[in-house]
Amino acid sequence: MKFFIDTANLDQISEAQSLGILDGVTTNPSLMAKEGITGKQNIIDHYKKICSIVDGDVSAEVISTDFEGMISEGELLAALHPQIVVKLPMIKDGIKACKYFADKGIRTNVTLVFSSGQALLAAKAGATYVSPFLGRLDDISTDGLHLISEIRHIYNNYGFQTEILAASIRHTMHVIDCAKIGADVMTGPLSSITGLLNHPLTDIGLAKFLEDYKKGN
């Protein structure tokens, strides 16, 4: 399972990278704005900074909602760095753009996916990644994990190479549950990754080891 961090915060990205287990970064306009990154050139420069920190894929989102706009933005983003993956919305023109980029050898991440039918279309169009939003479904009392499971089953049926990127991860159990049902990638906040480190018995055991060591010295 690949671990992506869902942020535009360079310090958090660097901390996750320092763990040695980070496989990539996902971002969106909201995350950029949260860090005070606005304006086309500033956003482009920030993507370059992110790519200089991590070794893996960096999803960079288009903001156009029409085919021509997505193509123009996507080609610009893809040209920034080999690690860039063009992030497209799950709408009709987004699927058309996905197919266009797939034919051009440009990798894509189809985002805002909330149904298995949408995920099927994205795979048919040649998406590199498909991003079902697990947490947002849970927020409206819908089983987000069931959607991940459905997509996994469909992709396995037909041998689709599109990777399931479980997005909107909120906590560590989301990560574990997604790993159990076969999501290829998780993306979430730093806390959802570092939270996997924690267990009270580990803390108790380490404290005991150190206490016993001190007794002998």
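Criteria and cut-off values
- Residues numbered from 1 in each chain as written.
- Predicted model: local features only at pLDDT ≥ 70, side-chain atom pairs only at ≥ 80, totals over all residues.
- Heavy atoms only, no water.
- Buried < 20%, exposed > 50% of the residue type's maximum accessible area, 1.4 Å probe, protein only.
- Helix = DSSP H or I, 4+ residues; strand = E, 2+ residues; numbered from the N terminus.
- Arc of directions from axis to C-beta.
- Contact = heavy atoms within 4.5 Å.
- Pairing = 2+ DSSP bridges.
- Axes fitted to C-alpha atoms, helices over the stretch in contact; angles between N-to-C directions.

What's the story with helix 9 (residues 172-181) in this structure? I'm lost.
Helical geometry note: an α-helix holds 3.6 residues per turn, so side chains three or four residues apart project in the same direction. All of the buried residues along helix 9 are His174, Val175 and Cys178. Down the axis of helix 9, the buried side of the element spans an arc of 100°, and every buried residue falls inside it. Where helix 9 is buried, its residues meet strand 1 (2-6), helix 7 (134-139), helix 8 (144-158), strand 7 (163-166), strand 8 (185-188) and helix 10 (190-194). Count one or two residues on from helix 9 and you reach Gly182, which has phi positive near 95°.

I keep staring at the sheet that holds strand 4 (residues 84-89) and nothing clicks. Help me out?
For sheets, the rule is that strands pair by backbone hydrogen bonds, running either parallel or antiparallel. On the basis of which strands lie adjacent, the closed barrel formed by eight strands has the order 1-2-3-4-5-6-7-8 and parallel pairing. For this sheet the average axis-to-axis angle between neighbouring strands, irrespective of direction, equals 30°. The pairing of strand 5 (residues 108-113) with strand 6 (residues 129-132) spans three bridges and is classified as parallel. Among the inter-strand pairings, Asn109 is bridged to a residue of strand 6, identified as Tyr129.

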